[in-house]
Amino acid sequence: MDDNLSLAGCSVPIQSLQRHTSPIIAILGHFHAPDPANARITSQVLLEFARIPANFYSLQPRYPSFTEQLPPMTIFQKIINREIPARIVHEDQHCMAFHDVSPQAPVHVLLIPKKPVASLAELTADDAQLCGHLLQMVPVIARQLGLSDGYRTVINTGGHGGQTVFHLHIHILGGRPLHWPPG
Ligand code: AMP
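The rules behind the values
Residues numbered from 1 in each chain as written. Predicted model: local features only at pLDDT ≥ 70, side-chain atom pairs only at ≥ 80, totals over all residues. Helix = DSSP H or I, 4+ residues; strand = E, 2+ residues; numbered from the N terminus. Buried ≥ 20, exposed ≤ 12 C-beta atoms within 10 Å, placed from the backbone. Contact = placed C-beta atoms within 7 Å. Pairing = 2+ DSSP bridges. Axes fitted to C-alpha atoms, helices over the stretch in contact; angles between N-to-C directions.

Q: Would you mind showing me how to read the overall build of the protein here?
A: The helix and strand inventory of the protein stands at 8 helices and 7 strands. Across the 183 residues that make up the protein, the buried fraction comes to 21%. In the protein, 55% of the contacts between residues at least 6 apart in sequence involve partners at least 24 apart.

Pasting the structure below:
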């Protein structure tokens, strides 16, 4: 198998890391070098690794011993990986939209990035293009769902924001007049 872990623009062959029990030690070992250029790459890699590499969870089923120290997969990551079912209404290379299992309006869809970003608070400048794509997809999906009279988009962030699933998601709600302000 030739699976790679993508970090800081570098592609690391998983097989070369697997002999280590800890992913972080393996990655440090892979990037450690005495010259300053590599030191910079090492810190960038560590920063990115702290945010969980975009393709890490897709590697998890095949490399359980290597990946087991990471935070558990969210329910939305399992939907992306097709490990649990969902009523999917849109999917492309960067995002997925599916019906909420507990709808709060006649139409209630969640739009998520495939990249495992925990919340709005975790976004960085590197995610600008991804954010643009997500926002651009909202009206496309709303049209597809027949929400011609309007709709509401909600992003709950953190505990006080009422976020319960820590994979960034945009709620798209419609199909009836929605009240304001929300609770
Ligand atoms: P939030 O509270 O903003 O984090 O929203 C999480 C949403 O995910 C809630 O509206 C849940 O009803 C929804 N949800 C949880 N599990 C699933 C699932 N398996 N399929 C679809 N939606 C889900």
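Q: So what exactly am I meant to see when it comes to the sheet that holds strand β6 (residues 151-154) here?
A: Either a parallel or an antiparallel arrangement is found when strands of a sheet pair, and the pairing is made through backbone hydrogen bonds. The antiparallel open sheet is built from 5 strands, whose spatial order is β3-β4-β5-β7-β6. Each edge of the open sheet carries a strand with a single partner, namely β3 (88-91) and β6. Shown here is a sheet whose adjacent strand axes are inclined to one another by a mean of 20°, direction ignored. Pairing between β3 and strand β4 (residues 95-99): 3 bridges, direction antiparallel.

Q: I tried to follow the environment of N4 on my own but got confused; where do I start?
A: Summarising the element assignment, N4 is placed in strand β1 (residues 4-7). The sequence separation of N4 and L17 amounts to 13 residues, and the corresponding C-alpha distance is 9.8 Å. When neighbours within four sequence positions are excluded, N4 is seen to be in contact with S11, V12, P13 and I14.

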